[in-house]
Amino acid sequence: MATGRTHRPATRSRGIPEATVARLPLYLRALTALSERSVPTVSSEELAAAAGVNSAKLRKDFSYLGSYGTRGVGYDVEYLVYQISRELGLTQDWPVVIVGIGNLGAALANYGGFASRGFRVAALIDADPAMAGKPVAGIPVQHTDELEKIIDENGVSIGVIATPAGAAQPVCDRLVAAGVTSILNFAPTVLTVPDGVDVRKVDLSIELQILAFHEQRKAGEEAEAKASAAAPPKRENNDKGPDGDVPAVMPA
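Keep in mind it's a predicted model, so treat the numbers as computed, not measured.

Reading the values: rules and limits
- Residues numbered from 1 in each chain as written.
- Predicted model: local features only at pLDDT ≥ 70, side-chain atom pairs only at ≥ 80, totals over all residues.
- Heavy atoms only, no water.
- Helix = DSSP H or I, 4+ residues; strand = E, 2+ residues; numbered from the N terminus.
- Expected span 1.5 Å × (residues − 1).
- Contact = heavy atoms within 4.5 Å.
- Polar contact = N/O pair within 3.5 Å; in protein donor to acceptor, adjacent residues only side chain to side chain.
- pLDDT = per-residue confidence, 0-100.
- Axes fitted to C-alpha atoms, helices over the stretch in contact; angles between N-to-C directions.
- Left-handed = near helix turned anticlockwise from the far one by under 90°.
- Nonpolar A, V, L, I, M, F, W, Y, C, P; charged D, E, K, R; others polar.
- Core = buried A, V, L, I, M, F, W, Y, C linked by side-chain atoms within 4.5 Å.
- Buried < 20%, exposed > 50% of the residue type's maximum accessible area, 1.4 Å probe, protein only.
- 1 Å grid on protein atoms, 1.4 Å probe; cavity = no way out; pocket = protein on both sides within 12 Å on 5 of 7 lines; lining within 4 Å.
- Points joined across faces, edges and corners; volume = space filled by probe spheres on them.

Colleague: Explain helix H4 (residues 77-88) to me, using residue names and the numbers behind them.
Modeller: Along its 12 residues, H4 runs 16 Å from first to last C-alpha, staying within 8% of the 16 Å computed at 1.5 Å per residue. On the buried face of H4, the contacting elements are helix H1 (18-36), strand S1 (41-42), helix H2 (44-51), helix H3 (55-64) and strand S2 (75-76). Backbone nitrogen of Glu-78 and a side-chain oxygen of the N-cap are separated by 3.2 Å at the start of H4; the cap is Asp-76. Directly beyond the C-terminal end of H4, a positive phi value near 80° is found at Gly-89.

Colleague: Lay out the confidence of the model for the protein with the relevant residues and their values.
Modeller: Mean pLDDT over the protein: 86, with 87% of residues reaching 70 or higher. Scored below 50 in pLDDT, residues 1-13 makes 35 contacts in the model with residues more than four places away or belonging to other chains.

Colleague: Any chance you could break down the packing of H1 against H4 for me, citing the residues and the numbers?
Modeller: Viewed as axis vectors pointing N to C, H1 and H4 meet at an angle of 145°, and their least axial separation amounts to 9 Å. In this structure, H1 meets H4 at a crossing whose hand is left-handed. The residues of H4 that touch H1, namely those facing Val-21, Leu-24, Pro-25, Tyr-27, Leu-28, Leu-31, Thr-32, Leu-34 and Ser-35, are Val-77, Glu-78, Leu-80, Val-81, Ile-84, Ser-85, Glu-87 and Leu-88. Looking at the contact of H1 with H4, its residues break down into 12 nonpolar, three polar and two charged.

Colleague: Mind laying out the nonpolar core, listing which residues take part and the relevant values?
Modeller: Judged by nonpolar contacts, the single largest core of 22 residues is most densely connected at Tyr-27, Leu-31, Val-42, Leu-47, Leu-58, Phe-62 and Ile-84. Elements that contribute at least two residues to this core include exactly H1, H2, H3 and H4. Those residues within four positions of Val-42 in sequence are excluded, and the remaining contacts are Leu-31, Leu-34, Leu-47, Gly-74, Tyr-75 and Val-77. Core analysis: the second largest hydrophobic core is formed by 20 residues, Ala-122, Val-180, Ile-183 and Val-197 among them.

Colleague: Please provide a residue-by-residue account of the layout of surface pockets, values included.
Modeller: Volume-wise, the largest pocket comes out at about 1,800 Å³. If you trace the largest pocket, you find 40 residues lining it, with Pro-25, Leu-88, Leu-90, Phe-119 and Arg-200 closest to the centre. When residues of the lining of the largest pocket are traced back to their parent elements, those giving at least two are H1, H4, strand S3 (94-99), helix H6 (113-116), strand S7 (158-161), strand S8 (182-185) and strand S9 (198-201). The element that contributes the greatest number of residues to the lining of the largest pocket is H1, accounting for nine residues. Residues of the lining of the largest pocket, tallied by class, amount to 23 nonpolar, eight polar and nine charged.

Colleague: Pulling in residues and values, what's your account of unusual backbone geometry?
Modeller: Residues apart from glycine generally show negative phi values, whereas peptide bonds are mostly found in trans. Even without being a glycine, Ser-38 presents a positive backbone phi close to 60°. Position of Ser-38 among the secondary structure elements: in the loop between H1 and S1. For Ala-137, which is not a glycine, the phi torsion comes out positive at approximately 55°. By the element assignment, Ala-137 lies in the loop between strand S5 (135-136) and strand S6 (139-143).

What follows is the structure, encoded as structure tokens:
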């Protein structure tokens, strides 16, 4: 089976927009669920709803893949699973190293979805000497002194950083120098990388802060609606004089 160093997905050379690439995993997840239920075909409307996009956008995205479906029938689920998996580079084996085996790193190591999605955890790496040799998810943790050797021996091109913020950039630099060209960063810091290296950042605190913003806004709208409903209705002043708002003065 090929490793991550022998092939790169063709999405960039084929001119698929980044926004479309970002939606392909959503389609794949929805299609995989349909495949597991032995659903043979799916309409663009049904698949779009399952993926959380509109059907026009889905059809446009699939046109970049050369897949247009069949009128009155829809899309072949199994073929689309294969087609999107191939486009994302998931029909091969991608060895991944996870650096930083604290609570988060250990949770990532125990995630069962890697293997089914084309990824193989090749090594778990930590700077703590006390962690060396300890099995996590059935894989013995190795010390960071072995980082470059591990990357070279396993042909690793994807690294996952789950270290504290202060250690993330030095680890990133070592990964890049050793040949890693794609990094998934869970550390709460921004990494600096050279051209040709892709970084995807996952920051749970930022996502929670965005949700907090929306919750605050919804609470404010609800309070405003309640205040508006509780306010007494405005009285209409009909005691107007012939020339406007001042009541006319009756003669004595």
